Amino acid sequence: GAVVSQHPSWVICKSGTSVKIECRSLDFQATTMFWYRQFPKQSLMLMATSNEGSKATYEQGVEKDKFLINHASLTLSTLTVTSAHPEDSSFYICSALRVGYYGYTFGSGTRLTVV
Amino acid sequence: AQTVTQSQPEMSVQEAETVTLSCTYDTSESDYYLFWYKQPPSRQMILVIRQEAYKQQNATENRFSVNFQKAAKSFSLKISDSQLGDAAMYFCAYRANSGNTPLVFGKGTRLSVIA
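Because the structure is predicted, anything quoted here is derived from the model rather than measured.

Engineer: Explain the pairing of strand E9 (residues 74-79) of chain B here, please?
Structural biologist: Two faces, one strand: in a regular strand the side chains alternate between the faces of the sheet. All names here are of chain B. Note: strand E3 (residues 19-21) against E9, 3 bridges, orientation antiparallel. The partner of Val 19 across the bridge, within E9, is Ile 79. Bridge analysis of strand E8 (residues 64-69) against E9 gives 6 bridges, and the strand direction is antiparallel. Looking at the pairing, Phe 68 lines up with Phe 75 of E9. Turn length for the E8-E9 hairpin, with the two strands adjacent in sequence and antiparallel, is 4 residues, and the turn residue Lys 73 shows positive phi of about 55°.

Below, the structure written as structure tokens:
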């Protein structure tokens, strides 16, 4: 149990276009999801916290207008990278907090390459 | 703000031997959780072991055990009988037990296992 499905696994897009990444909890309700960014050989950096039905809370230095987060249901959160540029190329990972548990479940990550 | 420090960027161990990965953290909270995550080349985050701060007994999961020293704010991971499949990045993480708080990660330790 406690599976989080993240899609796509990898995506290549042209500079200036937008990319949407989906994170879906398959067998539990996730009132809160977290989005992380990871550069090669580095740790996970928290980008934002999304709560179902409300606006996401962004970490300092993360552009809200570039990284749009939507958490419209208890099982789905999306991250849209708008007007992507090569510097946005990175590995993005979502994590869901399962109600009643203190553990987190991670998606498998999305490798974004902007060319 | 809470911080997690992993002072060993890289470690290596001979197959079948034992290795200890270090982690220290800083918090003013009294109720929190600590975790060790493994990230293999696939980059999927895998929970290795977790510890509740209120428990004095050190957590153990098969070949993995921790040495939790609350007063010293230390949380080291011991891997016994190391296997080739243990080679990965290991992240120490902290979470306060207050609401839907995100994990705070250390910078990670890259573990190599030598056959």
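After that view, the rundown keeps rolling.
Engineer: How should I be thinking about the sheet that holds strand E8 (residues 76-81) of chain A in this particular structure?
Structural biologist: Strands in a sheet are paired, the pairing made by backbone hydrogen bonds, and the direction either parallel or antiparallel. All names here are of chain A. Within the open sheet, the 4 strands sit side by side as E1-E3-E8-E7. Their pairing is antiparallel. The two strands at the open ends of the sheet, each matched to only one other strand, are strand E1 (4-7) and strand E7 (67-73). Averaged over all pairs of adjacent strands, the angle between strand axes in this sheet comes to 15°, irrespective of strand direction.

Engineer: Sorry, what's going on with the pattern of salt bridges here?
Structural biologist: Two side chains that carry opposite charge are able to pair once their charged atoms sit near each other. For the structure shown, the criterion picks out 5 salt bridges over all chains. Arg 24 of chain A is paired through a salt bridge with Glu 22 of chain A; the nearest N and O atoms lie 3.4 Å apart. What makes Arg 24 of chain A partly exposed here is its relative accessible area of 32%. Since its relative accessible area comes to 30%, Glu 22 of chain A is described here as partly exposed. Residue Arg 63 of chain B is joined to Asp 86 of chain B by a salt bridge in which the shortest nitrogen-to-oxygen separation is 2.8 Å. In this pair, Arg 63 of chain B sits in the loop between strand E7 (60-61) and E8 while Asp 86 of chain B sits in the loop between E9 and strand E10 (88-96), placing the two residues 23 residues apart along the sequence. Each of the two residues, Arg 63 of chain B as well as Asp 86 of chain B, counts as buried.

Basis of the calculations
Residues numbered from 1 in each chain as written. Chains lettered and ligands numbered in written order. Predicted model: local features only at pLDDT ≥ 70, side-chain atom pairs only at ≥ 80, totals over all residues. Heavy atoms only, no water. Pairing = 2+ DSSP bridges. Helix = DSSP H or I, 4+ residues; strand = E, 2+ residues; numbered from the N terminus. Axes fitted to C-alpha atoms, helices over the stretch in contact; angles between N-to-C directions. Salt bridge = Lys/Arg side-chain N within 4 Å of Asp/Glu carboxyl O. Buried < 20%, exposed > 50% of the residue type's maximum accessible area, 1.4 Å probe, protein only.

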